[in-house]
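Residue-level listing of the chains:
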Amino acid sequence: ADQAEPVGVGDLVEGIVPAIAIDGSLPKGIGAVGLDVRIVRKKPKVVERFHRQGHAVHVWTVDDEADMDLCRELGVQVIITNRPGVAVDRMRATR
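Re the overall build of the protein
Part 1 of the reasoning: Looking only at helices and strands, one finds five helices and four strands in the protein.
Part 2 of the reasoning: For the protein, the sequential pattern of α-helices and β-strands runs β-α-β-α-α-β-α-β-α.
Part 3 of the reasoning: A separation threshold of at least 6 residues defines the contact pool for the protein, and within that pool the share at least 24 residues apart is 39%.
Part 4 of the reasoning: Carbon together with sulfur atoms contributes 52% to the accessible area of the protein, which is approximately 6200 Å² in total.

Description of the side chain of His-55
Part 1 of the reasoning: Structurally, the position occupied by His-55 is in the loop between α3 (45-52) and β3 (56-60).
Part 2 of the reasoning: A relative accessible area of 12% means that His-55 is categorised as buried.
Part 3 of the reasoning: At 3.5 Å, the side chain of His-55 and the backbone oxygen of Gly-24 are in polar contact.
Part 4 of the reasoning: A distance of 3.5 Å separates the side chain of His-55 from the backbone oxygen of Ile-30, its partner in a polar contact.
Part 5 of the reasoning: Setting aside anything within four residues of it in sequence, one finds His-55 in contact with Gly-24, Ser-25, Leu-26, Ile-30, Gly-31 and Phe-50.

Points about the nonpolar core
Within soluble globular proteins, side chains that are nonpolar generally end up buried alongside one another.
Part 1 of the reasoning: Counting residues in each nonpolar core, the largest one holds 17 residues, and the members touching the most others are Leu-35, Val-47, Phe-50, Val-57 and Val-59.
Part 2 of the reasoning: Contributing elements (two or more residues each) for this core: β2 (32-36), α2 (37-42), α3, β3 and α4 (65-74).

Analysis parameters
Residues numbered from 1 in each chain as written. Predicted model: local features only at pLDDT ≥ 70, side-chain atom pairs only at ≥ 80, totals over all residues. Heavy atoms only, no water. Helix = DSSP H or I, 4+ residues; strand = E, 2+ residues; numbered from the N terminus. Contact = heavy atoms within 4.5 Å. Areas by Shrake-Rupley, 256 points an atom, 1.4 Å probe, with all protein chains shown as cover. Buried < 20%, exposed > 50% of the residue type's maximum accessible area, 1.4 Å probe, protein only. Polar contact = N/O pair within 3.5 Å; in protein donor to acceptor, adjacent residues only side chain to side chain. Core = buried A, V, L, I, M, F, W, Y, C linked by side-chain atoms within 4.5 Å.

What follows is the structure, given as structure tokens:
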């Protein structure tokens, strides 16, 4: 069977930030990074570093309202959550 080409490619970074990610750089052709919310809590400036390099930042799994607020404040492009209704309401209410 034919396999579909991936729509987009990003690096997922879990638990600890590897050295390559500290400065916000990604391999050529990669335009987005997926970060574990625990990294964003511990090192919020890493989001700014990826943004300065022109990369989008996606954060997972953002289920706590305080984490949703943090991601919004940091300008995260995508949050991945098990509570989409809460997230949408939270983003609308904080505009």
